[in-house]
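# Structural overview
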Amino acid sequence: MTQRSGLALAVLALAAEAPMHPYRMQQLIRERGKDQVVNVGQRSQLYKTIDRLVRDGLLVAQGTEREATRPERTVYAATDAGRELAVTWTLDMLTAPRHEFAEFTAALAYLPLLDPDVAADALALRLSDRRGELDRLRHELARVATELPRIVLIENEYAIAHLETDVAWITKLLEDLRSGALTWSYDDLAETARRMHPGGEGTS
């Protein structure tokens, strides 16, 4: 069975909305701003996902379309099983979070590899990026909030709330690093690790 993913869910949802070809799916995902939560950067990945959904009886080809000088395109529709699975996936994604191994969390886990000053400089760059993204999302949401129903923008609200927490936490961490309230020595941590785990190696 096709592995659950944001892209597979988006394809099923669009094909349930109306039969359409892959290019139109990609176009709508971008037009509706869903490319912020679903990766459609590589069309080859979209086609692979569609092939798997067809293989598993979740999508079915309904014919072809041709527009002017464009090549012929296959139009896909969701089957009843595809519609049911899209609902099941949506419920599962809402109620049962899948553990994800985020790179930023991994970097925090191994922060002692860096000197405190170097870590602070790196976090300052991240903070600037996160603030810029937060401003961009706030502006975009404000621009369309009066034109579109809230339900189709709900993931933007979540992204903004997440970014606000991220910015606040990184700001405090950076303040602690700059003030010296949080500091460390790799050698001291390595020595502590050796005392805690005689015969072992490493600080984590």
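Everything that follows concerns the structure shown earlier in this document.
Reading the values: the criteria
Once a new chain begins, its residue numbering starts again from 1 and follows that chain's sequence as written. At least 70 in pLDDT is required for a residue's local features to be given in this predicted model, at least 80 for side-chain atom pairs to be given and counted, and no such filter applies to totals for whole chains, interfaces and linings, which use all residues. Heavy atoms from the whole structure form the basis of all side-chain values; hydrogens and water molecules are not counted. Runs of E in the DSSP output that reach at least two residues are strands. Runs of H or I that reach at least four are helices, and both are numbered from the N terminus. Note on classification: 1.4 Å probe, protein chains only; a residue is buried when its accessible area is under 20% of the maximum for its type, exposed when over 50%, partly exposed between these limits. Polar contacts, as used here, are pairs of N or O atoms within 3.5 Å; protein pairs need one atom able to donate a hydrogen and one able to accept it. Residues neighboring in sequence count only if both atoms are side-chain atoms. Residue contacts are defined here by distance: any two heavy atoms, one from each residue, within 4.5 Å place the two residues in contact. Under the convention used throughout, the expected extent of a helix is 1.5 Å for every residue step, that is, one less than its residue count. The arc refers to the directions leading from the helix axis to the C-beta atoms.

Right, let's get into the side chain of T49. Residue position: T49 is located in helix α3 (residues 43-55). Accessibility expressed as a relative area gives 3% for T49, which makes it buried. Within the local environment of T49, its side chain forms a polar contact with the backbone oxygen of Q45, the two atoms lying 2.9 Å apart. The residues contacting T49, other than those within four sequence positions of it, are L7 and A8.

Before going further, it helps to spend a moment on α3. Look at α3: 18 Å from first C-alpha to last across 13 residues, which is about the 18 Å you get at 1.5 Å a residue. Taken residue by residue, α3 has L46, T49, I50 and L53 as its buried positions. The arc enclosing the buried residues of α3, seen along the axis, measures out at 100°, which places them on a common side. Contact partners of the buried residues in α3: α1 (6-17), α2 (22-31), β1 (59-65), β2 (73-78) and α4 (80-95). Remark: G57 follows α3 within two positions and exhibits a positive phi of approximately 75°.

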